[in-house]
Amino acid sequence: MIATRVISAAALALVSALPPVAIRPFVRGSWQQIRREHAGRPAIVHFWGLTCAPCLAELPQWGRLLAEQRGTDLVFVAADAVPEEPAHVSSMLTKAALSTAENWMFADHFVDRLVFEVDPEWQGELPITILLARDGTTSKIVGTVDFAAIRAWIDRHAR
Amino acid sequence: MSTTTRSRRQHVVSAAVLLLLTTTVPRDRLTAQQSHDHDSGLRADPAGCTDATLSCASYATPFFDRTGRLWLAWSGNGHVGVSVSTDRARSFAPPVLVTREAVRLDNGPDERPQVVVDGEGRVAVAFAIFKDDRMNGQIFTAASVDGGRSFGAPRPITDDGSSQRFVTLNVDPDGTLFAAWIDKRHVVAARAAGTDFAGASLAVARSHDGGARFDVARIAKDNICECCRLAVAPAGAGRPAVVFRNIFGGERDHAVITFAADGTPGPVSRVSEDHWAIDACPHHGPSLAIADDGSYHVAWFSGGGVRQGAFYARSTDGGRSFSTPVPLADTGHRSTRPYVRTQGSDVWLAWKEFDGERTSVLSRVSHDRGTTWGPARIIAGTSDFSDHPILTGDGRQVYLSWLTRLEGYRLIPLTLLGESR
């Protein structure tokens, strides 16, 4: 593993002063846009939320995976049912060492429709992770993930 | 089977009326704190609905008091508001903000503010905020002794410093208030001891003064889902029953506990064997009603295992065993957000279905305490954001209480839908 980023208490106090994390608004059609932008490459899209405790506990492990640069696109979508303040989402991403990742957040109050566009079977439970293979096939993991299995998937699909 | 029936008496509170109602509240207290990212156009409320009125709220919770007045508590844009209607939601008194200043509301998908009125007319409100950037929650209660015209300053429901969310307030038949919530004090203790702790705990407390103060909290059950609302109904005076999403091993299925009159939690009974193994937040809690004959009626959502969608089951032995789950929706329809309410021997169910564009609320009724069921009927719909459907009642009839962004707040009497009796 390259560098596990440790954010000290002092650094956390400075989080609000850091440059804002680039977060793209996830609105109607964004899911298909993500699919298009990553077409032909393996990608992992992770949906998390500030109001989801298991998500926040797991998020730093996604930060470590990002730092490994294993050769797969990683996309993160903050999917809270009531859109949260971007500053709060940004702060959490920074703490999890995900500030440089491709980040989106739900930015349409009609959340049911956003969720349906991603997967009609999804009812908004978090976290969920969607694995997009090079050939466009998808698989879905509901709940926290087994990172060993995720790394194995990446190593298998990134070749 | 999907007969569409439009209510002739849908009471729609328009945004314009609500804006007029708020003119007595200083504007600067109505505006929630907003931060805008001008580069991306991201805002906390992309619709631009940024005031503290009911029409801009995300969640609204109803309560009929003993005199037949409808109370509503709503949350949105950093505030919790309360208003009362004496004409079944045709009009509302000027709203009162319980929050003194904009707060960071817990906006979890299954979170909602609570309002109840005890036997002496005292109004109590409860809500949860996020108190820090680690998203730890804190529950506050506020009480009114002047009929809801003013509220005391919100006070923490417990002095425990860990995290509390998903409070539900209920008036016990004995007149006291019973609060139940999801509490993380045992999670924090386990972490300090270096041990694992799945989920969170079910905490309860009573208030004997209309909600101004609550007794010391009691932890009734460990290892329950940390992000699904609780459902409470009285099994008798001083004997509330609580249905919650339990963690059975790794399976987040539902269970019920009935409390004894001395406050002791009874045994845990499993409502259903859905076997939904998930280490995640379903954000999808149950609903419970107890009929006049003591039968328990539970509606819930399962997203995996042996069944998916909204289901119903009943217990005729005081919550010790439950009937085989029955799906609410017709085959092929994805049903969510179920709610159950009893009225005499009638049992009403309501739930949501979404087709990608339009959300419908559907309902079924049983006139024999849940033994046989009528057909599913569409009773309301919307094509934009909507709160969960809630069934409420004034002792004479059952209503759908539903807040939608386009139509506003609606209170729809279910017994006026032409149901043949």
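Residues numbered from 1 in each chain as written. Chains lettered and ligands numbered in written order. Predicted model: local features only at pLDDT ≥ 70, side-chain atom pairs only at ≥ 80, totals over all residues.

Asks: Any details on the overall build of chain A? Residues and values, ideally.
Replies: Tallying secondary structure elements over chain A gives 6 helices and 6 strands in all. Each helix (α) and strand (β) of chain A, taken in turn from the N terminus, gives the series α-β-α-β-α-β-α-β-α-β-β-α. In chain A, buried positions account for 47% of the 159 residues. Counted over contacts in chain A with a minimum sequence separation of 6, partners at least 24 positions apart contribute 80%. (Helix = DSSP H or I, 4+ residues; strand = E, 2+ residues; numbered from the N terminus. Buried ≥ 20, exposed ≤ 12 C-beta atoms within 10 Å, placed from the backbone. Contact = placed C-beta atoms within 7 Å.)

Asks: Got a sec to walk through the overall build of chain B? Specific residues and values, please.
Replies: From N to C terminus, chain B includes 2 helices and 28 strands. Taking all 421 residues of chain B together, the buried fraction comes to 55%. When contacts within chain B are restricted to residue pairs at least 6 apart in sequence, long-range pairs at least 24 apart make up 52% of them.

Asks: Provide a residue-level description of the interface of chain A and chain B, including the pertinent values.
Replies: With 36 residues of chain A in contact, the opposing surface of chain B contributes 34 residues. Those elements giving two or more residues to the side of chain A that touches chain B turn out to be β1 (23-26), α3 (53-68), α4 (86-95) and α5 (111-118) of chain A. Here the residues of the side of chain A that touches chain B sort into 21 nonpolar, 7 polar and 8 charged. (Nonpolar A, V, L, I, M, F, W, Y, C, P; charged D, E, K, R; others polar.)

Asks: Tell me about the pairing of strand β5 (residues 128-132) of chain A, residues and numbers included.
Replies: Across a regular strand the side chains alternate sides, sitting on one face of the sheet and then on the other. Residue and element names in this part refer to chain A. For β5, the buried fraction is high: 4 of the 5 residues fall into the buried class. Bridge analysis of β5 against strand β6 (residues 138-142) gives 5 bridges, and the strand direction is antiparallel. Among the inter-strand pairings, Leu131 is bridged to a residue of β6, identified as Ser139. Hairpin connection from β5 to β6: 5 residues lie between these consecutive antiparallel strands, with Gly136 at a positive phi of about 90°. (Pairing = 2+ DSSP bridges.)

Asks: I'd like a description of the sheet that holds strand β24 (residues 359-366) of chain B, backed by residues and values.
Replies: All names here are of chain B. The strand order across the open sheet built from 4 strands is β22-β23-β24-β25, with neighbouring strands paired in antiparallel fashion. At either margin of the open sheet sits one strand with a lone partner, and together these are β22 (335-343) and β25 (377-382). For this sheet, the mean inter-axis angle between neighbouring strands, taken without regard to orientation, is 20°. Where strand β23 (residues 346-354) lies against β24, 8 bridges are found, and the strand directions are antiparallel. Counted as the bridge partner of Leu349 is Arg364 from β24. (Axes fitted to C-alpha atoms, helices over the stretch in contact; angles between N-to-C directions.)

Asks: Please set out unusual backbone geometry residue by residue, giving values where relevant.
Replies: Of note, the amide linkage connecting Leu126 of chain A to Pro127 of chain A takes the cis form, showing an omega dihedral of -5°. In this fold, Pro127 of chain A is placed in the loop between α5 and β5. A positive phi angle, close to 60°, is found at Asn223 of chain B, a residue other than glycine. Structurally, Asn223 of chain B is set in strand β13 (residues 218-224). A positive phi angle, close to 55°, is found at Arg369 of chain B, a residue other than glycine. As for its placement among the helices and strands, Arg369 of chain B is situated in the loop between β24 and β25.

Asks: I'd like a description of the pairing of β24 of chain B, backed by residues and values.
Replies: Residues and elements named next belong to chain B. A large share of β24 lies buried, amounting to 6 of its 8 residues. Taken together, β23 and the strand that follows it, β24, pair antiparallel across an intervening segment of 4 residues, in which Gly356 is found at a positive phi of about 105°. In terms of strand pairing, β24 meets β25 through 5 bridges, oriented antiparallel. Bridge assignment links Leu362 to a residue of β25, and that residue is Ile378.

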